[in-house]
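Take a look at the letters that make up each chain.
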Amino acid sequence: MYLDELNPEQRKATNQIDGPMMVIAGAGSGKTKVLTYRIANLIDNGVNSINILSLTFTNKAAEEMKSRISELIGEANSRNIWMGTFHSVFARILRIEHDKIGYPQSFTIYDTIDTKSLIKTIVKEKNLDDKMYKPNFVYSRISSAKNSMISAQAYLRNEDIMSQDKQYGRARIGEIYLEYQNRCFKAGAMDFDDLLFKTNILLKKFPEVLLKYQDKFRYILVDEYQDTNKAQYLIIKALSARFENICVVGDDAQSIYSFRGANIENILNFKKDYTDYKLYKLEQNYRSSSNIVNAANNIIGHNKDQIQKKVWTSNADGNLIKLIKTFSDNEEGKVIAKNILNTKIKENAKNSDFAILYRTNAQSRSFEEALRKLNLDYKIYGGLSFYQRKEIKDLISYFRLAVNNKDEEALKRIINYPKRGIGANSIGKAMLCANENDTSLWDVLSNQNKFGLKINSGTSKKINDFIVLIKNFSKKVENTDAFELADEISKLSGINNELLIDNSVEGKVRYENIQELLNGIKEFSENSKENTDQEEAENDTFATLSDFLIDVALLTNADNEKEEDKDKITLMTIHSAKGLEFPYVYIVGVEENLFPSQLSLGSRSELEEERRLFYVALTRAEKQATISYTISRFRWGNIIACEPSRFIEEIGSDLLEPIENTYTSNRNKNKANSSYKSYTQPSSFNKLKFKKVSSSTTSNLSNATDVSKIKVGINVKHQRFGKGKVLEISGQSPNVKAKILFPSFGEKQLLLKFAKLELL
DNA sequence: TGCCCGGGTGTTTTT
DNA sequence: CACCCGGGCA
């Protein structure tokens, strides 16, 4: 019996069938096991699988859980569980209930590229300064508003928000937000945040819909609860209100998504919402060696904000945490690659046993190069997703437009690709016309006379040809197999030929990518045939292109792992490594201003999130964790000096083992040795740190000695934030902080010893 | 309308 | 360094 594999606390949590419960699960304590076994146990106790909803943060986590559950109780018993990410599950519900909120059934999901493009268009149309209203900035304001369930109308009515925007010279963000929502609606499109926002609206405005889903989802499980934002919190609360069979699992120490609106308060609020809830704490770590667990505990101990728990392990001590110092980022790549190769041989390990984890995607390059040189196979996650590549997005835009003619971003993208002589001028006129008539761009272009669109007859004819082309595709969507139509579109649109005749290396790669996409669609279409055959009573026996598009926007690179990628070294950001584990983990670029990120140094809460991130990184390791830092790094075009991260110090020198690396010791043995020593003597660590700061390469910037010149009221210039005015000075030397107002970035708390301010 | 060149600007993290 | 955008020219 599978329950026998659990420890007492895990079993207690697994055995609770009804009522609200929260599982606080330390890293590596068998959280996924409890979730999967509990679901299996629910079904074994007579709960119908169609009444179970299980929410995760990544598709990968959902897939993993699905397969583990079907191993426990069989595919047939688990097939009907609704299991997926918040976004995919609620997108599915919104498709079913689309008419209630006035959206087409095949509404488009705008990805970040579409979203930013639309914002840019609106800023231009409103003749606003694009320096002040940068798409990224505007998007993040709109996104956090939506994640807090603040509508455009509410945004405009909210005096605090409006005066805040005004203070920073961006008074019209609310206005952009409103127009953005209108445009999305007219285009039959939702962005990522809308999927959660509109679900809330749907459940709030339509009690019968709420009732229907409350009744369906009698048992709800939520993974990574510490990373839910307000919009997600409200959905869960509403859905579980009737039966209160709600099980949330999380770890406050692993909360790393506050930048996306995640709110730790949700964990704390749980006891208020469900006063009779049961709490389970999983504290035994099964994953990592004792040294790794202790190092992680030391790290997290430096955070003030945390729920007390004691993660422990009965595993052996294992190795110390290895520490590698290098002179440059390129050397860091070489040393790590070599270390992996040596370890592989010595320990008889596989490629897939290794992971290199970094803070930012941009760091991957030196590792890719070095691994390639040593013939070590690697796979890289993140960065540009397959579906965001230009050629893929172009072809998918044709699919999107065929399925949803109103999709403005898709239309703008392809109306003149491949070139058909429809220029920006004509499209500009048409957009203006669409705005004036409060309708979609498609509507105007396909009824040019009706709207009195004035463009020359040649262009007008070309537009008509394009409209006819798309209409012909649209006609086929409902009754043609996805692959068949996709293949036809790739040819008739001209994309296939465009890339085929491009003989450059990039052109060939693009062509191959298109073929890969088509193959993917073929597979998708064949798979869904099989599935529908089993579930009799389904009318449509084939998958349409619109079926395919449903979740494409929500897929990431991690979601279509290929068989040949199984035994490869993993390169990824720490954020995407959450939930994973590897025998050998390399945490690289562990330097001040990179990890913790420069942008997080302004406040304690942001710094603590970086620390939790480091905690997550360390606890991915089973046998061996290796940390590396470099003293110089190539960053935006020039070489900058770096200093080791404070997190290294926080681990404690007794758990660290500096290791020689051949590159360093050959070059300058004495130097290398002396700085390693500083880790065994924490007192000299500080000296080293300050010396590094003042030897910064940028000579015209102030360093630690200039701190005294920075006073309230003076104007300063910051490397990143630009010009700003000092509002307030606080703290004791050497930790003097200044509150500075930057017109383009808002108020920032900066530690002067790091801030590198220029006096103006 | 389309292409090439130069300058300006920018990097957390993700569904 | 790498990308995007705008301006100038074919």
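Keep in mind that what you see is a predicted model, and the values were worked out from it rather than measured. Residue positions are given per chain, counted from 1 along the sequence in the order it is written. Chain letters and ligand numbers both follow the written order, the letters beginning at A and the numbers at 1. Local features in this predicted model are restricted to residues of pLDDT 70 or higher, and side-chain atom pairs are both shown and tallied only at a pLDDT of 80 or more, whereas totals for entire chains, interfaces and linings draw on every residue. Each side-chain value is worked out from all heavy atoms of the structure, with water and hydrogens disregarded.

So, on to the overall build of chain A. Scanning chain A for helices and strands turns up 32 helices and 22 strands. Relative accessibility under 20% of the residue-type maximum defines a buried residue, over 50% an exposed one, and the middle range a partly exposed one, all with a 1.4 Å probe and only protein chains included. For chain A, the residues scored as buried account for 53% of the 760 residues in total. Throughout, a residue-residue contact means that at least one pair of heavy atoms, one from each residue, lies within 4.5 Å. Taking all contacts inside chain A whose residues are at least 6 apart in sequence as the whole, residues at least 24 apart take part in 75%. Working note: accessible area of chain A is about 34100 Å², and carbon and sulfur atoms make up 49% of it. The secondary structure listing takes helices from DSSP runs of H or I that are at least 4 residues long and strands from runs of E that are at least 2 residues long, numbered from the N terminus. Per-residue and other accessible areas were derived by the Shrake-Rupley procedure at a 1.4 Å probe size, with only the shown protein chains allowed to occlude residues.

The next point concerns the protein's contact with DNA strand B. One heavy atom within 4 Å of a molecule or strand makes the whole residue count as near it. Not every one of the 27 residues close to DNA strand B is listed here, only the nearest: Lys134, Arg260, Arg359, Asn361 and Thr573. Sugar and phosphate atoms form 57% of the subset of DNA strand B atoms that lie within 4 Å of the protein. Separating a base oxygen of DNA strand B from a side-chain N or O atom of histidine 87 is a distance of 3.1 Å. Measuring from a base oxygen of DNA strand B, one finds a side-chain N or O atom of arginine 260 at 3.2 Å. If you list the elements that add at least two residues to the surface near DNA strand B, you get helix H20 (424–436) and helix H27 (574–577). Considering only residue class, the surface near DNA strand B consists of seven nonpolar, 13 polar and seven charged. Any N or O atom pair separated by 3.5 Å or less is treated as a polar contact, with the protein-specific requirement of one donor-capable and one acceptor-capable atom, and with residues adjacent in sequence counted only for side-chain atom pairs. Amino acid classes used here: Ala, Val, Leu, Ile, Met, Phe, Trp, Tyr, Cys and Pro are nonpolar; Asp, Glu, Lys and Arg are charged; the rest, including Gly, are polar.

Quick look at the pattern of salt bridges now. Salt bridge, as used here: a side-chain nitrogen of Lys or Arg that lies within 4 Å of a carboxyl oxygen of Asp or Glu. A full pass over the atoms with the stated rule returns 45 salt bridges. Note that glutamate 75 and arginine 79 form a salt bridge whose closest N and O atoms lie 3.3 Å from each other. Overall, the relative accessible area of 34% leaves arginine 79 in the partly exposed class. Between glutamate 408 and arginine 183 there is a salt bridge, and its shortest N-O distance comes to 3.1 Å. Of this pair, glutamate 408 sits in helix H19 (residues 408–414) while arginine 183 sits in helix H10 (residues 173–186), and the two are 225 residues apart along the sequence. For the pair formed by glutamate 408 and arginine 183, the shared burial category is buried.

Next up on the list: the packing of helix H7 (residues 135–147) against helix H11 (residues 192–205). Helix-helix packing is described using two parameters, namely the angle between the two axes and the distance between the axes. All axes here are fitted lines through C-alpha atoms, helices being fitted over the stretch that makes contact, and every angle between N-to-C directions spans 0 to 180 degrees. In the contact formed by H7 and H11, the axes pass within 9 Å of each other and the chain directions differ by 25°. On the basis of the axis angle, H7 is roughly parallel to H11. The handedness of the crossing between H7 and H11 is left-handed. Facing Tyr139, Ser143, Lys146 and Asn147 of H7, the residues of H11 in contact are Asp193, Asp194 and Phe197. An angle counts as roughly parallel when it lies under 35 degrees, as roughly antiparallel when it exceeds 145, as roughly perpendicular when it falls between 65 and 115, and as oblique in every other case. Note: crossing handedness is left-handed where the near helix turns anticlockwise from the far helix by less than a right angle, and right-handed where it turns clockwise.

All right, on to the nonpolar core then. Within the largest apolar cluster, 49 residues are counted, with the highest numbers of intra-cluster contacts made by Phe399, Leu445, Phe466, Ile489 and Leu517. Excluding residues within four positions of it along the chain, leucine 517 makes contact with Phe386, Tyr387, Ile392, Leu395, Ile396, Phe399 and Phe548. Within this scheme, the nonpolar core is defined by two criteria: the residues are buried Ala, Val, Leu, Ile, Met, Phe, Trp, Tyr or Cys, and they are joined through side-chain atoms within 4.5 Å. Within the second largest apolar cluster, 42 residues are counted, among which are Ala253, Tyr381, Tyr615 and Leu655.

At least two DSSP bridges between two strands are needed for those strands to be called paired. Overall, parallel pairing links the seven strands, which are arranged S11-S12-S10-S13-S14-S9-S17 in an open sheet. Either end of the sheet is taken by a strand with one partner, and the two such strands are strand S11 (378–380) and strand S17 (656–658). With direction set aside, neighbouring strand axes in the sheet form an average angle of 25°. Summarising the sheet, strand S9 (residues 321–326) and strand S14 (residues 621–630) pair through five bridges and their orientation is parallel. Paired with leucine 323 across the strands is isoleucine 627, a residue of S14. Sitting on the sheet, helix H15 (residues 290–300) touches S9 and S14, and the angle it makes with S14 is about 55°.

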